[in-house]
Amino acid sequence: MRRIWQAYGEGRPLPGYLLAIGTYAALAGVVSAVGRLTGVRLPERFSLGDTALVGVATHKASRLLTKEAVTSPLRAPFTRYEEPAGHAELKESPRSDDPARHAIGELLTCPFCAGVWIASGLTAGLVFAPRVTRLVATALTAVAASDALNLVYDKLKS
């Protein structure tokens, strides 16, 4: 295994990535088992409205988690601050002193990576607790719309 990792590329935190994949798979398994044990049934399909709501909420939640200054204390154990990166956002890089810490740092600085986890959580929420999930997703979507309007407003002022 070590030869494969070295041949793949030095410095890539492949063991940390395996840990992340394993954790995601384990969480998906737990959610599935809980659903089976509690008799929660999957819907036949999700509505276009719910899909759009979860999509915009996932975008906002992933930016909030991975880029916003206010959530930097959550990322600090796994990242290093570099510089401001636009409106209320920061540029950070993953710490590289440990493969697991590096992989978590990449997850916490990459909105695309975090989006998979967030979308999975919100989608599971639509199955297990649809009213609460729609409330949270609606609030996140409203904040995303507000952000867009603030950016447009700033552009119009200049």
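Quick caveat: nothing in here was measured; it's all calculated off a predicted structure.

1. Quick word on the overall build of the protein chain
Item 1. Counting its secondary structure elements, the protein chain contains seven helices and two strands.
Item 2. Element order for the protein chain, N to C, with α for helix and β for strand: α-α-α-α-β-β-α-α-α.
Item 3. Counting only C-alpha atoms, the protein chain reaches 55 × 50 × 25 Å along its principal axes.
Item 4. Across the protein chain, contacts joining residues at least 24 apart in sequence account for 57% of those joining residues at least 6 apart.
Item 5. By element, 65% of the accessible surface of the protein chain is carried by carbon and sulfur atoms, the whole surface being about 10600 Å².
Item 6. Of note, the protein chain has its 18 positive side-chain charges centred 5 Å away from the centre of its 13 negative side-chain charges.

2. Focus: the UniProt feature "transmembrane region" (unreviewed entry) in the protein chain
Item 1. UniProt marks residues 16-35 and 107-129 with the feature "transmembrane region" (unreviewed entry), using the numbering shown here.
Item 2. Along residues 16-35 the backbone is 100% helical and 0% strand, and the end-to-end C-alpha distance reaches 29 Å.
Item 3. Taken as a whole, residues 107-129 contains 91% helix and 0% strand, while its terminal C-alpha atoms sit 26 Å from one another.

3. Some remarks on the pattern of salt bridges
Item 1. One pass over the structure, following the stated rule, counts eight salt bridges.
Item 2. A salt bridge links lysine 60 to glutamate 68; its shortest N-O distance comes to 2.9 Å.
Item 3. Judged by its relative accessible area of 15%, glutamate 68 falls in the buried class.
Item 4. Here glutamate 82 makes a salt bridge to lysine 91, at a shortest N to O gap of 3.6 Å.
Item 5. Among the charged side chains, a network of salt bridges with common partners joins Lys60, Glu68 and Asp147.

4. A closer look at the nonpolar core
As a rule of thumb, soluble globular proteins bury nonpolar side chains together.
Item 1. Listed in full, the 10 residues of the largest apolar core are Leu53, Val54, Ala57, Ala61, Ala114, Ile118, Leu122, Leu126, Ala137 and Leu140.
Item 2. Mapped onto this core, the elements with two or more residues apiece are α3 (48-66), α6 (111-128) and α7 (130-157).
Item 3. Residue contacts for leucine 126: discarding those within four places in its chain leaves Phe46, Asp50, Val54, Thr133 and Arg134.

5. What to know about the environment of leucine 90
Item 1. Along the chain, leucine 90 turns up in strand β2 (residues 90-94).
Item 2. The class of leucine 90 is buried, set by a relative accessible area of 13%.
Item 3. In this structure leucine 90 touches Lys67, Ala69, Ser72, Arg75, Tyr81, Glu83, Pro84 and Ala85, once residues within four positions along its chain are discounted.

6. A word on the packing of α3 against α7
Item 1. For the pair α3 and α7, the least separation of the axes is 8 Å and the interaxial angle reads 65 degrees. Between α3 and α7 lies a crossing of left-handed hand. For the pair α3 and α7, contact is made by Asp50, Leu53, Val56, Ala57, Lys60 and Ala61 and by Arg134, Ala137, Thr138, Leu140, Thr141, Val143, Ala144 and Asp147, respectively.
Item 2. Across the contact of α3 with α7, the residue classes tally to eight nonpolar, two polar and four charged.

7. Some details on the packing of aromatic side chains
Item 1. By the definition in use, this model includes one aromatic pair.
Item 2. The interplanar angle of 80 degrees and the centroid separation of 5.2 Å between the aromatic rings of tyrosine 24 and tryptophan 117 together place this pair among those described as edge-to-face. Separated by 93 residues along the polypeptide, tyrosine 24 in helix α2 (residues 14-38) and tryptophan 117 in helix α6 bring together distant segments of the chain.

8. Overview of the side chain of arginine 75
Item 1. Following the sequence through the fold, arginine 75 ends up in helix α4 (residues 72-75).
Item 2. The contact partners of arginine 75, leaving out residues within four places of it in the chain, are Leu64, Leu65, Thr66, Lys67, Glu68, Leu90, Glu92 and Leu108.

Criteria and cut-off values
- Residues numbered from 1 in each chain as written.
- Predicted model: local features only at pLDDT ≥ 70, side-chain atom pairs only at ≥ 80, totals over all residues.
- Heavy atoms only, no water.
- Helix = DSSP H or I, 4+ residues; strand = E, 2+ residues; numbered from the N terminus.
- Contact = heavy atoms within 4.5 Å.
- Areas by Shrake-Rupley, 256 points an atom, 1.4 Å probe, with all protein chains shown as cover.
- Lys, Arg positive; Asp, Glu negative; His and termini not counted.
- Charge placed at Lys NZ, Arg CZ, Asp CG, Glu CD.
- UniProt positions renumbered as here; feature names shortened; annotations may be inferred.
- Salt bridge = Lys/Arg side-chain N within 4 Å of Asp/Glu carboxyl O.
- Buried < 20%, exposed > 50% of the residue type's maximum accessible area, 1.4 Å probe, protein only.
- Core = buried A, V, L, I, M, F, W, Y, C linked by side-chain atoms within 4.5 Å.
- Axes fitted to C-alpha atoms, helices over the stretch in contact; angles between N-to-C directions.
- Left-handed = near helix turned anticlockwise from the far one by under 90°.
- Nonpolar A, V, L, I, M, F, W, Y, C, P; charged D, E, K, R; others polar.
- Phe/Tyr/Trp six-rings, centres within 6.5 Å; stacked < 30°, edge-to-face > 60°.

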